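Okay, here's what each chain looks like letter by letter:
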Amino acid sequence: MENRGLLFIPDISGFTRFVTETEISHSQMIIKELLEILINANELGLEVSEIEGDAILFYKFGDPPELESIYRQVEKMFRSFHQSLIAYDTRKYCQCKACLSAIDLSLKVITHYGEFTGYNVKQFSKLIGKDVIVAHQLLKNDIDDHEYWLVTKNLLQEHVLTGFADWMKWNTSVKQTESGEIPFHYTQLSQLKKELSPEPTPRFEIADKFKAISWSKEYDKDIITLFHATGNFNYRPQWREGVIKVEEVNHFLPRVGMRSRFVMKDGAEVIYSSSYFYQPDRIEFSETDEQKRNSTYYTLEKVGGKTRLTLDYYIRKSMGYRILFSLTKRRKMEVSFKKSLDNLVGLVRELRIPSAIQSSSAS
């Protein structure tokens, strides 16, 4: 039995070049995060048929929604997609090619109405039908810029493509296929991106703080390797005294604002990545506990052919808290810092960072 419905495909433009010319692991994590953002931005009641690498095949059986509703869905996904990229670009830790070029990714959306049906293979739901093929064929077309919304004649029917936004201009084209011509209309969406601005970064640092401990050590290693050893949570249990493991709470890649759960011998606490600053010869980042009682600042500096790491431990500026810290925690923390910095010697000696990350971070 044939069914009719809407086919809606948001496709990440620049994906192929992105994964073939940059670090695979980070590019995959960025794409995964963006695909989840698109799914979370679904407000039209669309169903997910499958994720196709850089695109999502959404569908909705029944009469086509009003074009105004479809546009609002396109707008929501486009804005959410680029707002996320802008936020990551301003808060990212990593300086590899994948992370630096993520801001250049964009989004196009194909919308088509036609005949298709679904079938199940174990727990998977698949779509089949000539119009599913048509929708996929439209992903490859002669449109130069890759930030657009495409509407086929089947979906347009008697509706008029006006009234969505004052800046919107429509163009027409035809996709030539083996089964015939597919006429469509399209409009660029770049204006939506121009209207976006970086969201204010929430203040994660302690506003009024006191430096309680400072400890430094020099390492016979380059600054990028030392940064990965200290900033990558996967390595933290290997050198930081008392840390058993670090669990990710949100975000796939390190950035200001990410939260992680530090499991330690005497309990667990949630830590925010609260600041980050990068220059080729100096890298700074900090981590603050969720209650904003203490922060640890990491400063890495090139010193000749070596790199100096300084750990500064801050506590909330309160006379009572300072006295309590001095009486009960200071000595223990000083011993912990010294052991941690000593533990780091073996890790950085063995750690090897891919040359692609080294070169892109140094650029």
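Look a little higher up for the structure.
Note that the structure is predicted; figures quoted are calculated from it, not measured. (Residues numbered from 1 in each chain as written. Predicted model: local features only at pLDDT ≥ 70, side-chain atom pairs only at ≥ 80, totals over all residues. Heavy atoms only, no water.)

## What about the overall build of the protein?
Phase 1: Counting its regular elements, the protein contains twelve helices and 15 strands.
Phase 2: By principal-axis analysis of the C-alpha atoms, the protein measures approximately 80 × 45 × 45 Å.
Phase 3: Taking all 363 residues of the protein together, 47% fall into the buried category.
Phase 4: The long-range fraction of contacts in the protein, counting pairs at least 24 apart against all pairs at least 6 apart in sequence, stands at 66%.
Phase 5: Working note: accessible area of the protein is about 18,200 Å², and carbon and sulfur atoms make up 49% of it.
Phase 6: Between the averaged position of the 49 positive side-chain charges in the protein and that of its 49 negative side-chain charges there is a distance of 10 Å. (Helix = DSSP H or I, 4+ residues; strand = E, 2+ residues; numbered from the N terminus. Buried < 20%, exposed > 50% of the residue type's maximum accessible area, 1.4 Å probe, protein only. Contact = heavy atoms within 4.5 Å. Areas by Shrake-Rupley, 256 points an atom, 1.4 Å probe, with all protein chains shown as cover. Lys, Arg positive; Asp, Glu negative; His and termini not counted. Charge placed at Lys NZ, Arg CZ, Asp CG, Glu CD.)

## Notes on the sheet that holds strand β15 (residues 306–316)
Phase 1: Taken together, seven strands build an open sheet; the order of strands is β9-β15-β14-β13-β12-β11-β10 and the sheet is antiparallel. Edge positions in the open sheet fall to β9 (209–219) and β10 (243–248), since each of these has one partner strand only. Each adjacent strand pair in this sheet contributes to an overall mean axis angle of 25°, direction not counted.
Phase 2: Against the sheet, helix α11 (residues 330–350) contacts β9, β14 (294–303) and β15, and its axis sits at roughly 30° relative to β9. (Pairing = 2+ DSSP bridges. Axes fitted to C-alpha atoms, helices over the stretch in contact; angles between N-to-C directions.)

## Here's the deal with the pattern of salt bridges
Phase 1: Going through the model one piece at a time under the given rule, you end up with 26 salt bridges.
Phase 2: Taking the shortest distance from any N to any O, the salt bridge between Glu33 and Arg255 comes out at 2.9 Å. Placement of the pair is Glu33 in helix α2 (residues 24–40) and Arg255 in the loop between β10 and β11 (259–264), with a sequence separation of 222 residues.
Phase 3: On the basis of relative accessibility, which here comes to 12%, the residue Glu33 falls in the buried class.
Phase 4: As a salt-bridge pair, Arg282 and Glu301 come within 2.5 Å of each other at their nearest N and O atoms. A residue pair is termed long-range when its members are at least 10 positions apart, and Arg282 in strand β13 (residues 282–289) and Glu301 in strand β14 qualify at 19 residues.
Phase 5: A relative accessible area of 27% places Arg282 in the partly exposed class.
Phase 6: We classify Glu301 as partly exposed; its relative accessible area is 22%.
Phase 7: When salt bridges that share partners are traced, they join Glu68, Arg72, Glu75, Arg79 and Glu195 into one network. (Salt bridge = Lys/Arg side-chain N within 4 Å of Asp/Glu carboxyl O.)

## Let's talk about the packing of α2 against helix α3 (residues 67–91)
Phase 1: The N-to-C vectors of α2 and α3 enclose an angle of 145°; their axes lie 9 Å apart at closest approach. Note on packing geometry: the crossing formed by α2 with α3 is right-handed. On α3, the residues touching Ile30, Glu33, Leu34, Ile37 and Leu38 of α2 are Met77, Ser80, Phe81, Ser84, Leu85 and Tyr88.
Phase 2: Within the contact of α2 with α3, the residues separate by chemical class into eight nonpolar, two polar and one charged. (Left-handed = near helix turned anticlockwise from the far one by under 90°. Nonpolar A, V, L, I, M, F, W, Y, C, P; charged D, E, K, R; others polar.)

## Topic: a nonpolar patch on the surface
Phase 1: Taken together, Ile39, Val48 and Ile51 make up a surface patch of nonpolar side chains, about 210 Å² in accessible area.
Phase 2: With respect to the helices and strands, the residue Ile51 is situated in strand β2 (residues 47–51). (Patch = residues over 30% accessible without salt bridge, like charges linked within 9 Å, V, L, I, M, F, W, Y side chains within 5 Å.)

## Thoughts on the packing of aromatic side chains
Note on aromatic pairs: each is described by the distance of the centres and the angle between the planes.
Phase 1: A complete count under the given rule lists 21 aromatic pairs for this structure.
Phase 2: Taking 6.3 Å as the distance between ring centres and 85° as the angle between the ring planes, the aromatic pair formed by Tyr59 and Phe116 counts as edge-to-face. Here Tyr59, found in strand β3 (residues 56–61), pairs with Phe116, found in strand β4 (residues 106–121); they are 57 residues apart in sequence, far enough to count as distant. Each of the two residues, Tyr59 as well as Phe116, counts as buried.
Phase 3: Residues Tyr93 and Phe285 carry aromatic rings whose centres are separated by 5.8 Å and whose planes lie at 55° to one another, so their mutual orientation is tilted. Of this pair, Tyr93 sits in the loop between α3 and α4 (97–101) while Phe285 is found in strand β13, placing the two residues 192 residues apart along the sequence. (Phe/Tyr/Trp six-rings, centres within 6.5 Å; stacked < 30°, edge-to-face > 60°.)

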